[in-house]
Each structure stands twice: as structure tokens, then as C-alpha cells.
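Given next are the chains, with one letter for each unit.
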Amino acid sequence: DPNTGIVFRRVDLPESVEIGARVDHVVRANRGTSLAIGEIHIHTIEHLMAVFLALGIDNCVVELDEEEIPLMDGSSKLFVEAIQSVGIVRQTAPARILWIREPLHLTDGDRMLIALPSSDFHVSETVVFPDPAVGTQYANFRITPEEFSAAIAHARTFGFVSDADELRRQGMIKGASLENAVVYENGKLLSGPLRFPDEPVRHKILDLMGD
């Protein structure tokens, strides 16, 4: 219904639990975004949330039979295709939109996020990694459903072998493999060919949109 927002429903529990995609439900935002109400969690929502934002989906109930959104192929490609296959319903109620009226910025260590007023949705991102296989990458896109589907949705999650053990100790990347992630080690690409020469920064734009 209009004004439902994005809601995740755990149907694998004795009594289904709904968790709205709201800031006050965020319990983790490190290497993946997690929501929770009490002890009930929803993990790794950002790849799906990015699709909702890019395709203009304001209201949707996502039913899950486990606590984590499937990693699929490491990108948002299959989510886009699934939504496009069934179509999107236009509703009559006006959408509630958050407008940026003045420049905003947030700094966390060596990371900075800047939001500027604009009549269009543009995302510019720079990433800097010590591994020379990634190094410094920059990308800028005017986000439309068509541009997102063609240039952003296909970009897969990526990581480094040196980080894998620590992430597993934290209970993360359980479903990650060379088949659904771009993996680097000591300046070398260990997984299959890249989908874009700058696939890492494109995926970071996908993550930023989802978050």
C-alpha cells in the first residue's frame, strides 16, 4: 500500500516479524548493512535497496526465509531483472521525498561523504586501496533506471584475500566465493574477468545507493 515503505518480513519464524528499512533499525553498517528488531535480524540489504532506489520503488514487502538477503552473483543484476520481469505498479498517492536544500558533509577518518542540492540524482565516488590491482578509481553517473541497470547493477562485490579470515571470524562473507565476488591478492585478480575495467568503484556506488 502507499506509504508502506520498504519492509522486510521474516516468514521462517513461528510468528512472522516485519522490519522496516529505517535508520533507527540499523544495527550494523560495516561491510554490509543489517537491520534488527530485538534479536531478529536482516543482513546485507544494500544490494536490493539500491535497486529499489534506482527503479523508483517506494513501497515493497520483501519476504525472507532466512536472515540474509541472498548474495546471488555478487551484484544487483538479478534483482533488477526479477523486478523488471513482473513490472512496477504506479500508485496514486504522492511520494514522500527527502530534498537536500543545502550542502551536507560527513567525515569518518579518511572517508568523506558530501551531499549537494541537485535537480537530478548524480553520484560521484573515488576509492583508494593499497592493492595496486585496484588502486585509485573514480566514477560519476547520473542515475536513472536505465543507467543503473546498464552501468551499475552488474558491478559485483569485491574483496581481498588478506581480509577474508578476519571477516569470517566476524561471521561475514559466508556465501562469498570466486563465483560471486571479485577477489584480489597482491596486485593480482584471482577471480574471473571483470565486467567493467572500474568494477570496484561502480560497486561502491551501488553500495552507497543501497545504504
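Going by the structure above, here's the rest.
Heads up: these notes are all about the structure in this document. (Residues numbered from 1 in each chain as written. Predicted model: local features only at pLDDT ≥ 70, side-chain atom pairs only at ≥ 80, totals over all residues. Heavy atoms only, no water.)

A short note on a nonpolar patch on the surface
And step 1. A cluster of nonpolar side chains, namely Leu106, Leu113 and Leu208, defines an oily patch on the protein surface of about 270 Å² accessible area.
And step 2. On the secondary structure map, Leu208 appears in helix H5 (residues 199-210).
And step 3. Note on Leu208: relative accessible area 34%, which makes it partly exposed. (Patch = residues over 30% accessible without salt bridge, like charges linked within 9 Å, V, L, I, M, F, W, Y side chains within 5 Å. Areas by Shrake-Rupley, 256 points an atom, 1.4 Å probe, with all protein chains shown as cover. Salt bridge = Lys/Arg side-chain N within 4 Å of Asp/Glu carboxyl O. Helix = DSSP H or I, 4+ residues; strand = E, 2+ residues; numbered from the N terminus. Buried < 20%, exposed > 50% of the residue type's maximum accessible area, 1.4 Å probe, protein only.)

With respect to the sheet that holds strand S12 (residues 182-185)
And step 1. Read across the open sheet, the three strands follow the order S11-S12-S13; overall the sheet is mixed. Looking along the sheet, the strands with just one partner apiece sit at the ends: strand S11 (158-160) and strand S13 (188-189).
And step 2. Where S12 lies against S13, two bridges are found, and the strand directions are antiparallel. Bridge pairing in S13 places Tyr184 opposite Leu189. (Pairing = 2+ DSSP bridges.)

Describing the nonpolar core
And step 1. Counting residues in hydrophobic clusters, the biggest one holds 33 residues, and the most contacted among them are Phe8, Ile42, Phe52, Ile69, Phe148, Ile152 and Met209.
And step 2. Residue assignment for this core shows that the elements contributing at least two residues are strand S1 (6-10), helix H1 (46-55), strand S6 (60-64), helix H2 (77-86), strand S9 (122-128), strand S10 (136-142), helix H3 (145-152) and H5.
And step 3. Contact partners of Phe52, with chain neighbours within four places excluded, come to Ile6, Ile57, Cys60, Val62 and Ile83.
And step 4. Among the nonpolar cores identified, the runner-up in size contains five residues, and Phe158, Phe160, Val182 and Tyr184 belong to it. (Core = buried A, V, L, I, M, F, W, Y, C linked by side-chain atoms within 4.5 Å. Contact = heavy atoms within 4.5 Å.)

Section: the packing of H3 against H5
The description of two packed helices rests on the angle between their axes and on the distance between the axes.
And step 1. Interaxial distance between H3 and H5 falls to 10 Å at its minimum, and their mutual angle equals 135°. Classed by the angle they form, the pair H3 and H5 counts as oblique. Residues Phe148, Ala151 and Ile152 of H3 pack against Arg202, Ile205, Leu206 and Met209 of H5.
And step 2. Class assignment for the residues of the contact of H3 with H5 results in six nonpolar, no polar and one charged. (Axes fitted to C-alpha atoms, helices over the stretch in contact; angles between N-to-C directions. Parallel < 35°, antiparallel > 145°, perpendicular 65-115°, else oblique. Nonpolar A, V, L, I, M, F, W, Y, C, P; charged D, E, K, R; others polar.)

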